[in-house]
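So the chains spell out like this:
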Amino acid sequence: MDNLAPPKPGARPASSFVYDKAFVNGEWVAASSGKTFEVVNPANGKVIGSVPDMDATDTERAIKVAYKAFQSWKETTAKERSTLLRKWANLVNENIEELSKLLTSEMGKPLAEAKGEITYGGGFLELFAEECKRVEGDIIQTPVKSRRLLVLKQPIGVSGMITPWNFPNAMITRKAGAAIAAGCTVVLKPAEDTPYSALALCDLAKEAGIPAGVLNVVTSSRNNAGQVGKTICESPLVTKMSFTGSTAVGKLLLQQCASTVKKVSLELGGNAPFIVFESADVDAAVQGVMGAKFRCSGQTCVCANRIFVHESIYDEFVQKMAVVVEKDLKLGDGIDPGTTQGPLINKKAVEKIEAHVQDAVSKGAKVVCGGKSKGGNFFEPTILTEVTNEMRCSREEIFGPIAGIIRFKTEEEVVGLANATSSGLAGYFYSRDFSQIWRVAERLESGLVGVNEGVISTPDAPFGGWKESGLGSEGGRYGIEEYLEIKYVCMGGLQ
Ligand code: SIN
């Protein structure tokens, strides 16, 4: 936090959000073991601070607190919850500058993107403040005269959440906002790399008046993450679990949740196709791919992973994209104005990207620009051409700034290739052929489709994957349903 500009007059400095405690029952608490772990700025390797390294015992305590708080929170009216969520959203927006600096320092994304994320994150709180008032039941036509059939929707209970480092703010508000709006209470484990944005949200939730025990954040190091996750998944007091992260971890958590048959939401890895058809506006497609590929240095689940370009416009697309990459992308510390590409999250991520480039080049891909690490956690934005479906960068989620461009000939071929993956989170395509737009939008096997748009996430729309990319949907009015149970009430014996 040493290289940050001072806050605006009257605003809280980002450093005031750097807590050395976790947040349970409305209080700042240490781990029962007394242990802590360090949080490091990925841009410069400097330690920002230390937070409690909590374990299963601490998690069980937080679950009990959340369970007790649920008994009264579930009795509140939607209007009461809405008012508090709205206050929370306002506080997030009022503190956007400092929350963004905090987010950039722990996660690395450029400040402009961090501000975008805080706006996005606050947007979920605002949305769910509205949606909770629209949770409605049903009265069903009765087949028996003496009965009336009702459907109630009720909060599911204590909701466990495990959130990722790439969106340290918005993935929390997308889950916790929905849960709290529905009348549930929360035990959340943020990613070990980015606990401060989570703790800042707790601070603001408390200031907004959200009662003690409704939102609890348990911080833990990578070493303890497994036991914290397992405790959440296996606790009989937790009736819902929501996770955003890798498919491998999602599968493990799903297995652990089987023991108590929890309702589970999973937002897992993607392998998004980005298709540019021959009728596309090539300049628009280039702009679109810049957002879809290089946002967050390629570290989002919805990033374009395989870029398919029709053979008739392949060379033009590559040449135009290379010009924009060279001109517009600037690698550096996200806190510096002008940086558009921050560091990757850690050394392991850099090594993985290097391995992807080596694999592709060894199988015939050409490096058009970038291709190298630049020291520390930095990796150059990279374009690879003559990429094929056999290369690792086409088969696995890259999660880094490599744009691998694949040639195709026909719509049928490319839709087949796009769908030939176990993932199904996002897909994008550019076309000006109206019939093709409908055909391909319907045929892509993914939960999100961008047509002539490269960045489509918004609090108002559902976000969820097909196939191994996940279960359930977050965001929009669908997001709150994940935290509700349906109850059928039969009123009988009526005269
Ligand atoms: C993610 O990468 O997990 C979320 C991306 C988004 O919300 O756009």
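Parameters at a glance
Residues numbered from 1 in each chain as written. Predicted model: local features only at pLDDT ≥ 70, side-chain atom pairs only at ≥ 80, totals over all residues. Heavy atoms only, no water. Pairing = 2+ DSSP bridges. Helix = DSSP H or I, 4+ residues; strand = E, 2+ residues; numbered from the N terminus. Axes fitted to C-alpha atoms, helices over the stretch in contact; angles between N-to-C directions. Parallel < 35°, antiparallel > 145°, perpendicular 65-115°, else oblique. Left-handed = near helix turned anticlockwise from the far one by under 90°. Contact = heavy atoms within 4.5 Å. Nonpolar A, V, L, I, M, F, W, Y, C, P; charged D, E, K, R; others polar. Salt bridge = Lys/Arg side-chain N within 4 Å of Asp/Glu carboxyl O. Buried < 20%, exposed > 50% of the residue type's maximum accessible area, 1.4 Å probe, protein only. Phe/Tyr/Trp six-rings, centres within 6.5 Å; stacked < 30°, edge-to-face > 60°. Near = heavy atom within 4 Å. Polar contact = N/O pair within 3.5 Å; in protein donor to acceptor, adjacent residues only side chain to side chain. Domains from an automatic or database assignment. Buried area = accessible area lost by both parts, 1.4 Å probe. Expected span 1.5 Å × (residues − 1). pLDDT = per-residue confidence, 0-100.

**Let's talk about the sheet that holds strand β6 (residues 148-155)**
Across the sheet, which stays open at both edges, the three strands sit in the order β5-β6-β22 with antiparallel pairing between neighbours. Taken across any chain shown, the strands that pair with only one partner, and hence form the sheet edges, are β5 (138-140) and β22 (484-491). Put simply, the sheet's adjacent strands are angled 25 degrees from each other on average, direction ignored. Across three bridges, the pairing between β5 and β6 is antiparallel. Its bridge partner being in β6, Ile-139 is matched across the sheet by Leu-150.

**What to know about the packing of helix α2 (residues 78-94) against helix α6 (residues 195-208)**
For the pair α2 and α6, interaxial distance at closest approach is 8 Å and the crossing angle is 130 degrees. Accordingly, the angle class assigned to the pair α2 and α6 is oblique. Crossing of α2 against α6: the hand is right-handed. Within the contact between the two elements, α2 uses Leu-84, Lys-87, Trp-88, Leu-91 and Val-92 and α6 uses Leu-201, Leu-204, Ala-205, Glu-207 and Ala-208. Grouping the amino acids of the contact of α2 with α6 by side-chain chemistry returns eight nonpolar, no polar and two charged.

**Considering the pattern of salt bridges**
Summed over all chains, the structure comprises 27 salt bridges. Between Arg-222 and Asp-193 there is a salt bridge whose closest N-O contact spans 3.1 Å. Within this pair, whereas Arg-222 is found in helix α7 (residues 222-234), its partner Asp-193 is found in the loop between β8 (185-189) and α6, the two being separated by 29 residues in sequence. Given a relative accessible area of 48%, Arg-222 falls into the partly exposed group.

**A few points about the packing of aromatic side chains**
Applying the stated criterion across every chain, the model contains ten aromatic pairs. Ring centres of Phe-23 and Trp-28 lie 4.9 Å apart, and the angle between their planes is 55 degrees; on these two criteria the pair is classed as tilted. According to the relative accessible area criterion, Phe-23 is buried, its value standing at 4%. A relative accessible area of 25% means that Trp-28 is categorised as partly exposed. Judged by centre distance (5.8 Å) and plane angle (90 degrees), the rings of Trp-165 and Phe-399 are edge-to-face. Here the residue Trp-165 occupies a position in the loop between β7 (158-162) and α5 (170-182), and Phe-399 occupies one in the loop between α12 (392-395) and β16 (402-408), the gap between them amounting to 234 residues. Accessibility expressed as a relative area gives 18% for Trp-165, which makes it buried. Assessed through its relative accessible area of 19%, Phe-399 is described here as buried.

**Overview of the site of the ligand**
Close to the ligand lie Tyr-120, Asn-166, Phe-167, Met-171, Arg-174, Thr-244, Arg-295, Thr-300, Cys-301, Val-302, Ser-457 and Phe-463, which account for all nearby residues. In the model, an oxygen atom of the ligand is placed 2.9 Å from a nitrogen or oxygen of the Arg-295 side chain. Per-class residue counts for the shell around the ligand are six nonpolar, four polar and two charged. Among the domains, domain 1 (14-268 + 469-487) and domain 2 (272-458) are the pair contributing at least three residues each to the shell around the ligand.

**With respect to the domain arrangement of the chain**
Domain annotation of the chain identifies domain 1 (14-268 + 469-487) and domain 2 (272-458). Put simply, the middle of domain 1 and the middle of domain 2, counted by C-alpha atoms, are 31 Å apart. Facing the 21 residues of domain 1 at the interface are 26 residues of domain 2. Both sides together, the interface formed by domain 1 and domain 2 hides about 1,800 Å², and carbon and sulfur atoms give 61% of it. The three residues of domain 1 that bury the most area against domain 2 are Pro-42, Trp-165 and Ser-469, which together make up 26% of that side's buried surface. Taken together, domain 1 and domain 2 are joined by zero salt bridges. The interface formed by domain 1 and domain 2 contains six residue pairs in polar contact (both at pLDDT 80 or more).

**Focus on helix α11 (residues 347-362)**
For α11, with 16 residues, the first-to-last C-alpha span of 22 Å sits near the 22 Å given by 1.5 Å per residue. The complete set of buried residues in α11 reads Ala-349, Val-350, Ile-353, His-356, Val-357, Asp-359 and Ala-360. In this fold, the buried residues of α11 make contact with β15 (382-385), α12 and β16. Phi turns positive, to about 110 degrees, at Gly-364, one or two residues after α11.

**Looking at the pairing of β8**
Counting buried positions over the five residues of β8 gives five, a clear majority of the element. Along β8, one buried face is formed by Thr-185, Val-187 and Lys-189 and the opposite face, lined by Val-186 and Leu-188, is buried too. As judged from the five bridges shared by β7 and β8, these two strands associate in the parallel manner. The partner of Met-161 across the bridge, within β8, is Leu-188.

**Thoughts on the side chain of Ser-100**
Relative to the helices and strands, Ser-100 is located in helix α3 (residues 96-107). When near neighbours in sequence (up to four residues on either side) are disregarded, Ser-100 contacts Leu-111, Ala-114, Lys-115 and Ile-118.

**Focus: the confidence of the model for the chain**
Mean pLDDT over the chain works out to 97, with 98% of the residues at or above the 70 mark. Of all secondary-structure elements in the chain, the lowest mean pLDDT belongs to helix α15 (residues 476-481), at 95, while β8 reaches the highest, 99.

**Section: unusual backbone geometry**
The phi dihedral of Phe-399 falls on the positive side, at around 55 degrees, and the residue is not glycine. One non-glycine residue, Lys-467, adopts positive backbone phi at about 50 degrees. Checked against the element boundaries, Lys-467 lands in strand β20 (residues 466-467). Since its relative accessible area comes to 36%, Lys-467 is described here as partly exposed.

**Examining the sheet that holds strand β19 (residues 448-451)**
Consider a sheet: its strands pair through backbone hydrogen bonds, and that pairing is either parallel or antiparallel. The strand order across the open sheet built from seven strands is β14-β15-β16-β13-β12-β18-β19, with neighbouring strands paired in mixed fashion. The outermost strands of the open sheet, each flanked by one partner alone, are β14 (366-369) and β19. With direction set aside, neighbouring strand axes in the sheet form an average angle of 25 degrees. Against the sheet, helix α10 (residues 314-328) touches β12 (272-276), β13 (304-310), β14, β15 and β16, its axis set at about 170 degrees to β16. The strands touched by helix α13 (residues 411-419) are β12, β13 and β16; relative to β13, the strand with the most contacts, the crossing angle is about 170 degrees.

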